[in-house]
Amino acid sequence: MSCWKMSLFGVTLESAAPLLVNYLSSISIVFLNKVVYNYGFPNLALTLLHFLVTFIGLRICASLGIFEIKKVNIPAVIPLCLSFCGFVVLTNYSLQYNTVGFYQLAKVLTTPCIVVIQSLYYNTTFSWPIKLSLLPICVGVALASNADTSTTTTGLIFAIAGVFVTSFYQIWVQTKQKELDLNPYQLLYYQAPISSVMLAAILPFLEPPFEPQGVFGSNWPSEAWGAVFGSAIVAFVVNLSIFVVIGRTSPITYNVLGHFKLCTVIAGGFLIFGDPLNRAQGMGIVLTLIGVFTYTHLKLNEPKAPAKTVPLSGVTSSPSKS
């Protein structure tokens with residue numbers, strides 16, 4: 001077996017490269033955003049800047065010949081853009097009205113929610129071993145995120161709505177690439193500016209820009225703007241890698257990667273920075289890793305459907321993946 005055929009998370013090394021890029025860039029942006037939020041920079045405005053820079057980055061990529069801009073029916077992309085804005089707004093409100101522990105617990109439910117939606121509405125088949133391998137991952141992440149999990153009625157509504165909208169967003173990132181015959185660059189090229197316009201439309205109501213804590217209402221120091229634009233540049237890599245990972249693998253594989261990232265961040269905080277780690281969190285990390293490796297093993301040995309070539313920068317992918 002050549003090194004190019006080696007696998008990670010049940011995919012070939014060719015597809016594992018974007019997984020690694022997403023893993024590293026996502027961890028980097030967590031620390032950059034932490035610096036940004038320490039200055040009190042508004043969350044929604046930061047997300048808007050992220051997507052504006054992503055669009056600029058894609059324009060540069062297109063001018064360099066990395067991908068070709070393809071005309072599409074704009075209304076066909078609107079559901080993806082709306083679900084992204086809903087995902088951003090609802091998860092932010094979920095965090096605002098819930099404890100961090102319940103917020104993290106709700107995010108874990110995205111994985112089984114995607115399985116249910118894909119099974120019922122997209123005729124995606126998941127073997128029972130695959131489904132069972134997701135159980136220790138979800139339980140493990142819930143334990144690793146060990147914290148107060150109290151909530152309110154309002155918080156519960158935002159959390160549940162956020163789970164459903166996030167699930168559909170991640171599913172549509174994959175299905176829209178196939179439906180519109182676009183590669184990740186081409187689809188994100190349209191989603192980024194449309195989502196930016198939508199976010200700009202709701203920004204005055206959720207984060208009044210000229211209020212004291214608004215993006216134009218505070219005299220942000222140059223260090224804050226440096227962190228903001230550093231975060232935006234890394235966000236370009238994160239956003240693109242999300243589209244590539246989901247497009248070449250599946251929403252479930254992307255979720256497994258996300259849970260793995262969370263546990264490695266928690267473990268890294270303990271090993272590198274001496275952050276506290278209790279027994280329940282340690283057990284959660286171990287359970288998650290067992291689930292991740294089991295999922296990877298099952299995907300490696302899963303019967304493959306005949307390959308179908310799609311215009312994804314010369315990459316061959318199968319028509320249905322779990």
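Here we summarise the structure given alongside this text. (Residues numbered from 1 in each chain as written. Predicted model: local features only at pLDDT ≥ 70, side-chain atom pairs only at ≥ 80, totals over all residues. Heavy atoms only, no water.)

**A word on the nonpolar core**
Selection rule: Grouping buried Ala, Val, Leu, Ile, Met, Phe, Trp, Tyr and Cys residues that are joined through side-chain atoms within 4.5 Å yields what is termed a nonpolar core. A 1.4 Å probe rolled over the protein chains alone gives each residue an accessible area, and that area as a share of the maximum for its type sets the label: buried under 20%, exposed over 50%, partly exposed in between. For helices the rule is a DSSP run of H or I covering at least 4 residues; for strands it is a run of E covering at least 2, with both sets numbered from the N terminus onward.
Among the nonpolar cores identified, the biggest contains 74 residues, and Phe41, Phe243 and Ile252 are the most heavily contacted of them. Sorting elements by how many residues they give to this core places helix H9 (residues 222-248) first, with 13 residues.

**Concerning H9**
Condition: Helix span, expected: 1.5 Å multiplied by one less than the number of residues in the helix.
A rise of 1.5 Å per residue sets the reference length of H9, with its 27 residues, at 39 Å; its end C-alpha atoms lie 39 Å apart and thus fit the reference within 8%. Among the 27 residues in H9, 19 count as buried, and that is most of the element.

**Some points on unusual backbone geometry**
Here asparagine 123, not a glycine, exhibits a phi torsion of approximately 55 degrees, which is positive. For asparagine 123, the position within the fold is in the loop between helix H5 (110-121) and helix H6 (128-144). Positive phi is not limited to glycine here, since aspartate 181 has a value of about 55 degrees. Checked against the element boundaries, aspartate 181 lands in the loop between helix H7 (153-179) and helix H8 (184-206).

**Points about the packing of aromatic side chains**
Think of a pair of aromatic rings as described by two things: how far the centres are apart, and how the planes are tilted against each other in angle. The following threshold applies: Each pair of aromatic rings taken from Phe, Tyr and Trp, with Trp reduced to its six-membered ring, is defined by centres within 6.5 Å and is described as stacked if the planes are under 30 degrees apart, edge-to-face if over 60, and tilted in the remaining cases. Here, over-ring charges are defined by two tests on the NZ atom of lysine or the CZ atom of arginine: distance to the ring centre within 6 Å, and angle to the ring normal within 35 degrees.
Within the structure shown, the criterion is met by 17 aromatic pairs. Arranged with centres 6.1 Å apart and planes meeting at 65 degrees, the rings of phenylalanine 67 and tyrosine 189 form a pair that is edge-to-face. Residue phenylalanine 67 is found in the loop between helix H2 (43-63) and helix H3 (78-97), and its partner tyrosine 189 is found in helix H8; the two are separated by 122 residues along the sequence. As far as the burial class goes, phenylalanine 67 and tyrosine 189 line up, both buried. Of the aromatic side chains, those joined through ring pairs into one cluster are Phe55, Phe67, Tyr185, Tyr189 and Tyr190. Over the ring of tryptophan 128 we find lysine 131; its NZ or CZ atom is 4.5 Å from the centre of that ring.

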